[in-house]
There are 4 protein chains.
Amino acid sequence: MTTQVIMLNGASSSGKSGIARCLQAMLPDPWLTLGTDTLVAALPASLRRGDSGISFGPEGRVDTGPAFRALDVAWSQGIASMARAGARIVVDEVFLGGPASQARWREALRGLEVLWVGVRCEPAVAEGRELARGDRVPGMARRQAELVHQGVRYDLWVDTTRAEALECARMIADRV
Amino acid sequence: MTTQVIMLNGASSSGKSGIARCLQAMLPDPWLTLGTDTLVAALPASLRRGDSGISFGPEGRVDTGPAFRALDVAWSQGIASMARAGARIVVDEVFLGGPASQARWREALRGLEVLWVGVRCEPAVAEGRELARGDRVPGMARRQAELVHQGVRYDLWVDTTRAEALECARMIADRV
Amino acid sequence: MTTQVIMLNGASSSGKSGIARCLQAMLPDPWLTLGTDTLVAALPASLRRGDSGISFGPEGRVDTGPAFRALDVAWSQGIASMARAGARIVVDEVFLGGPASQARWREALRGLEVLWVGVRCEPAVAEGRELARGDRVPGMARRQAELVHQGVRYDLWVDTTRAEALECARMIADRV
Amino acid sequence: MTTQVIMLNGASSSGKSGIARCLQAMLPDPWLTLGTDTLVAALPASLRRGDSGISFGPEGRVDTGPAFRALDVAWSQGIASMARAGARIVVDEVFLGGPASQARWREALRGLEVLWVGVRCEPAVAEGRELARGDRVPGMARRQAELVHQGVRYDLWVDTTRAEALECARMIADRV
């Protein structure tokens, strides 16, 4: 069966978005890219600051409250429906909850053909890239580097430390 | 029954996004804002240029091809699922197909409580705002001004020609 | 003598940028638009947060430290040199220091033909537009509304409360 | 004498902006980053499309007309004045004219202490990164890769093909 969803999970500044855009350019069918950043941009401004939403604290700490988590559940079910309706989707995600996040997505995506991809980058390198991007809260890259992968199971790992986004995308495209 | 989806339909530069952000700030529950711009940003770059995707031509002409339209159908079904899963959603849309676009959304949103809002702005004023934004293809505002409303039925009209986004949002919020 | 610099001074969310883009579209010669936002984007990330740079606090409070102010002085001298070298420039500014800011710019722009324009908007309306933009710290619009104009002298006032950016730009263009 | 201007010249997608942000984070004094992108953003929208401005054509072709070139000369003189007034500046540039561009900048920056840095990236790698960015006209990276360095003289070369932006920035910072 052909892949319907490519789930890219990795820390902030690990290089997921670049891989997603390369996949979109490289795969013969049209694929949408949607992810955490899309959801965060869709929130009311107050939920990007307050306790019940998502907050970006010092040293790269990210906290989520009940209102954000409820929307996140609905969001993942919506993504699954898009895929069931025929859209191929690259999901650009950060499993802040590790295996619990994966379980939630697995539940939402039930019945769909999903390729689970772990996107890894050595923390020191990711931290340098976070600095080079200049628009991210410093510290997220390092803090999340291990965290988001603990206890998560993948079909495929890619490592952007020494491989370009395009090479990683090729490895993934070969499995689609 | 309480409103689950607020559908804002209006031409480019008619002021929908500003109304959506005011609604998010004003309504007691958290509402997501998603729309055409979100979908376009999620497309492969090639579909934002090519014949099968969406193309922004001279004089504000917007054409959509089969690949875009198929993704658009899946997208609207995904939005509906998010709402069914409990997320309240402001949809920021441009019914390029007029009543056919509305019929498609009506079908996708079946069973949900939807408030249909037409966002109008006098073409000459919208055109000036398009110029003031500076990041839109000139001509879309005028070209779409009438087009997107022809044959579409609403619960409520708002007109941004002389009313601020905040006032329009208040009128909508009163109906939610 | 023909105008070389159009200085737009007004509070955050008073509508300066929209006027600037309309002026650029309307004036026969090519004009650059540069301003506070350009300078802030050019700063090291640390100066957009720290005490010596510029900081955006709660309730719309903006504080500037010595490092920012030194760069700001150099910035205004650079803008003046561009104008002396033949570039026509719309400066999109916020005189946080009121007359002291104007004196500093007057000194930098010495010998150039400058049109000083005050951009006003009723605080309640500006506050609504700030909400509608969604990307500004809430409170700046109201806090700065009076502050930036106190003791400042203009060739021309425009008021965006009820006039569109395009109309304001026309009034300015008539004086260039 | 201490360096007042760091001139980074390299093709589109060679990694200059990331290096600039790392330099800003790493150098003890505050440095501004300004460059071609800043100037292009300051142009009237019509000059980003028309013959007299700058146009981004198929296959990554970039053409500049007389109006753009006149503004570019004034721009470089303004940057030089900012540096003379005490602002340290990283200039993020693309010498589309090769040695003529360098001669023009050398003339503008006369009397200032400038570190000339060539930023190189293997064309195939730069092309992949262009794809991964997703917001650039495809083809610029490859087309400009050699072109912008031909006949240009540097104090220092950095190569982002296998070195991270942070490492390149360290090599540059050691020379400041």
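Quick note: structure is the one above.
Residues numbered from 1 in each chain as written. Chains lettered and ligands numbered in written order. Predicted model: local features only at pLDDT ≥ 70, side-chain atom pairs only at ≥ 80, totals over all residues. Heavy atoms only, no water.

## With respect to the side chain of Ser76 of chain B
All names here are of chain B. Note the following rule: Helical segments are the DSSP runs of H or I of at least four residues, strand segments are the runs of E of at least two, and each set is numbered from the N terminus. With a 1.4 Å probe rolled over the protein chains alone, any residue whose accessible area is under 20% of its type maximum counts as buried; one over 50% counts as exposed, and the rest are partly exposed. Between N or O atoms, a polar contact is any pair within 3.5 Å; within protein, one atom must be a potential hydrogen donor and the other a potential acceptor, and residues adjacent in sequence are included only when both atoms are from side chains. Should any heavy atoms of two residues lie within 4.5 Å, those residues are counted as being in contact.
Structurally, Ser76 can be placed in helix H3 (residues 66–84). The class for Ser76 is buried, based on a relative accessible area of 1%. In this structure the side chain of Ser76 is engaged in a polar contact, spanning 2.8 Å, whose partner is the backbone oxygen of Val73. Excluding residues that lie within four positions of it along the chain, Ser76 makes contacts with Arg104, Trp105 and Ala108.

## As for the relation of the copies chain B and chain A
We count it as follows: The superposition of copies rests on a least-squares fit of C-alpha positions from residues with pLDDT of 70 or more in both.
In the superposition of chain B on chain A (RMSD 0.0 Å, axial shift 0.0 Å), the rotation amounts to 180°. Expressed as an axis order, the relation between the two copies is that of a two-fold axis. Within chain B, Gly78 of chain B has its C-alpha nearest the rotation axis, a separation of 2.1 Å. Mapped onto chain A, 100% of the interface residues of chain B again fall at the interface, so both copies present the same surface.

## Some details on the relation of the copies chain D and chain C
With an RMSD of 0.0 Å, chain D superimposes on chain C once it is rotated by 180° and translated 0.0 Å along the axis. The fraction of interface residues of chain D whose copies in chain C are also interface residues reaches 100%, indicating that both copies meet through the same surface.

## Focus: the interface of chain D and chain C
Test applied: Values labelled buried area give the accessible surface lost by two parts on being combined, using a 1.4 Å probe and summing over both. Any residue outside Ala, Val, Leu, Ile, Met, Phe, Trp, Tyr, Cys, Pro, Asp, Glu, Lys and Arg is labelled polar, Gly included; the first ten of those are nonpolar and the last four are charged.
Every contact between the two is made by 23 residues of chain D and, on the other side, 23 residues of chain C. Both faces considered, chain D and chain C share a buried interface measuring about 1800 Å² in area, 78% of it formed by carbon and sulfur atoms. A per-residue breakdown of the area chain D buries against chain C is headed by Leu32, Ala42 and Met82 of chain D, which together make up 26% of the total. Our count for the contact surface shared by chain D and chain C stands at five residue pairs in polar contact (both at pLDDT 80 or more). When contributions to the side of chain D that touches chain C are tallied by element, the ones reaching two or more residues are strand S2 (31–35), helix H2 (36–42) and helix H3 (66–84) of chain D. Per element, the largest residue contribution to the side of chain D that touches chain C is nine residues, and it comes from H3 of chain D. Broken down by class, the residue content of the side of chain D that touches chain C amounts to 17 nonpolar, six polar and no charged.

## Some remarks on the interface of chain B and chain A
The line we're drawing: Definition used for salt bridges: Asp or Glu carboxyl oxygen within 4 Å of a side-chain nitrogen of Lys or Arg.
Facing the 23 residues of chain B at the interface are 23 residues of chain A. Sorting the residues of chain B by area buried against chain A places Leu32, Ala42 and Met82 of chain B first, and these three jointly supply 26% of that buried surface. Across the contact surface, chain B and chain A share zero salt bridges. One can count five residue pairs in polar contact (both at pLDDT 80 or more) joining chain B with chain A. Mapped onto the side of chain B that touches chain A, the elements with two or more residues apiece are strand S2 (31–35), helix H2 (36–42) and H3 of chain B. Ranked by residues supplied to the side of chain B that touches chain A, first place goes to H3 of chain B with nine residues. For the side of chain B that touches chain A, the class distribution of residues is 17 nonpolar, six polar and no charged.

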